[in-house]
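Architecture and fold: a report
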Amino acid sequence: DKFKAINPPVLRWPGGCFAETYNWRDGIGPRDKRPATCGWWYNYDHRVESNAVGTHEFMDFCEMVGAKPYVAANITAQTPMDMRNFMEYLNMPENTTTLAAERAKNGHAATFDVQYFGIGNENWGGGGNMTPEQYAREYIRYATICSSVNVNGAKYIACGADSWNIDWTDRFMREFAHRCPIWGLAFHYYCGGAGDPVNFTEEEWYTLIGKASKMDELIRRHDAAMLTHD
C-alpha cells in the first residue's frame with residue numbers, strides 16, 4: 001500500500017549487491033523447496049536469504065503497485081547463457097519453449113513481458129572490480145547472446161560509473177563503440193553519511209539534500225562524456 005501510494009514507475013530487483021551472487025533458479029518453484037543462501041554481506045550481518053521472495057513474487061508485487069519490473073542480471077558470477085535463459089523464462093510466449101512451460105507450471109502461463117534488463121551491477125567494485133574496458137566487453141558479450149531471446153524489444157541498461165568518475169563513462173563508451181544494443185547507462189550515486197534514515201537531525205537533513213542537489217550536474221557531466229562518442 002505504501003509503495004502504491006508513491007506510484008513508482010519502475011522497481012529494480014534483485015539488487016544491488018545481492019545480484020552479484022544471485023541464481024534466478026533459487027527463486028522459482030515451491031517456496032518450501034527453495035534453497036537458503038548466504039547474502040552478499042553475510043560476514044557483516046550474518047543474514048541468510050530464504051529466497052521466499054523470488055521472480056513470481058516480485059512480478060506480483062510490481063503488478064500490485066503499478067510499477068514496471070527492472071531486472072538486474074548477475075554477470076559477476078553467472079554466464080551469458082544464464083541471463084539468456086532467465087530472459088527466456090520471463091518473456092517467451094506461453095506454449096513455445098520448455099522454460100515457458102516451466103513458468104506456466106510455476107503459476108504464470110502468460111509472459112511477464114519484462115521491459116528493462118540491467119546487465120551487471122557496480123562492476124567497478126563488488127561486481128568484479130573491472131576496468132571500464134573489461135566491463136564494456138562483458139556487456140557486449142551478454143547483450144549479444146541474450147538478443148536471440150529478446151522477443152519483446154526489451155531494453156538493455158549498462159552499469160555506469162561510481163558517482164563522479166566521469167572517466168569510467170568516457171572509457172566505457174570508447175570501448176563499447178555501439179557494437180550491440182544499449183538503451184541506458186545507470187551510474188551510481190550515494191547520499192550516505194547523512195544520518196539514520198528515520199532518526200536524523202536538521203543538520204543531517206540539509207546534508208542529505210545538499211548531496212541530492214548534485215544529481216543534475218552529475219547527469220549533465222556523464223551525458224557530455226557520452227556525447228563525445230555518440
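Refer to the structure presented above.
What you see is a predicted model, and the numbers here were worked out from it, not measured in a lab.

Taken N-terminus to C-terminus, the directions of helix 7 (residues 166-176) and helix 9 (residues 215-227) make an angle of 25°; their axes are 8 Å apart at the nearest point. Looking at the two axes, helix 7 sits roughly parallel to helix 9. As for how helix 7 packs across helix 9, the hand of that crossing is right-handed. Residues Ile166, Thr169, Asp170 and Met173 of helix 7 lie in contact with helix 9, whose contacting residues are Arg221, His222, Ala225 and Met226. Broken down by class, the residue content of the contact of helix 7 with helix 9 amounts to four nonpolar, two polar and two charged.

The next thing to look at is the pattern of salt bridges. Counted according to the given criterion, the structure contains ten salt bridges. The closest approach of N and O atoms between Glu57 and Arg31, which form a salt bridge, is 3.4 Å. Residue Glu57 is found in helix 3 (residues 55-65), and its partner Arg31 is found in the loop between strand 1 (10-13) and strand 2 (37-38); the two are separated by 26 residues along the sequence. Between Glu138 and Arg141 there is a salt bridge, and its shortest N-O distance comes to 3.1 Å. Of this pair, Glu138 and Arg141 are both found in helix 6 (residues 132-146), three residues apart, which corresponds to roughly one turn of the helix. The network of salt bridges with shared partners includes Arg31, Arg34 and Glu57.

We now examine the sheet that holds strand 6 (residues 155-162). What the five strands build is an open sheet, ordered 1-4-5-6-7; its pairing is parallel. Two strands lie at the open edges of the sheet, namely strand 1 and strand 7 (184-188), each paired on one side alone. Neighbour to neighbour, the strand axes of the sheet diverge by 30° on average, direction disregarded. Relative to strand 7, strand 6 runs parallel, the two being bridged by four bridges. Note that in strand 7 the partner of Cys159 across the bridge is Ala186. With respect to the sheet, helix 4 (residues 80-91) is in contact with strand 1, strand 4 (68-73), strand 5 (116-119) and strand 6, its orientation differing from that of strand 5 by roughly 170°. Contacts between helix 6 and the sheet are confined to strand 5 and strand 6, with strand 6 contributing the most and set at about 170° to the helix.

Time to look at the pairing of strand 1. Of the two faces of strand 1, the one lined by Leu11 and Trp13 is fully buried and the one lined by Val10 and Arg12 carries no buried residue. Pairing geometry for strand 1 and strand 4, over four bridges, is parallel. What sits directly across from Val10, in strand 4, is Lys68.

Time to look at the environment of Ala110. Positionally, Ala110 belongs in the loop between helix 5 (98-105) and strand 5. Residue classification places Ala110 among the partly exposed residues on the basis of a relative accessible area of 35%. Separated by 20 residues in sequence, Ala110 and Leu90 place their C-alpha atoms 9.2 Å apart.

So, on to the packing of aromatic side chains. Any aromatic ring pair is given by two values, namely how distant the centres are and how the planes are angled relative to each other. Taken as a whole and assessed by the stated rule, the structure comprises 14 aromatic pairs. Seen in terms of ring centroids, Tyr116 and Trp183 are 5.5 Å apart; in terms of plane orientation they differ by 45°. Their pairing is tilted. A residue pair is termed long-range when its members are at least 10 positions apart, and Tyr116 in strand 5 and Trp183 in the loop between helix 7 and strand 7 qualify at 67 residues. Here the aromatic rings of Phe172 and Phe176 are separated by 5.6 Å at their centres, their planes lie at 5°, and the arrangement is stacked.

As for its position among the elements, His222 is in helix 9. Judged by its relative accessible area of 3%, His222 is buried. Separated by 2.7 Å, the side chain of His222 and the backbone oxygen of Ser163 make a polar contact. Sequence-distant contacts of His222, defined by excluding residues within four places in its chain, comprise Ala161, Ser163, Asn165, Ile166, Thr169 and Phe187.

Rules and cut-offs
Residues numbered from 1 in each chain as written. Predicted model: local features only at pLDDT ≥ 70, side-chain atom pairs only at ≥ 80, totals over all residues. Heavy atoms only, no water. Axes fitted to C-alpha atoms, helices over the stretch in contact; angles between N-to-C directions. Helix = DSSP H or I, 4+ residues; strand = E, 2+ residues; numbered from the N terminus. Parallel < 35°, antiparallel > 145°, perpendicular 65-115°, else oblique. Left-handed = near helix turned anticlockwise from the far one by under 90°. Contact = heavy atoms within 4.5 Å. Nonpolar A, V, L, I, M, F, W, Y, C, P; charged D, E, K, R; others polar. Salt bridge = Lys/Arg side-chain N within 4 Å of Asp/Glu carboxyl O. Pairing = 2+ DSSP bridges. Buried < 20%, exposed > 50% of the residue type's maximum accessible area, 1.4 Å probe, protein only. Phe/Tyr/Trp six-rings, centres within 6.5 Å; stacked < 30°, edge-to-face > 60°. Polar contact = N/O pair within 3.5 Å; in protein donor to acceptor, adjacent residues only side chain to side chain.

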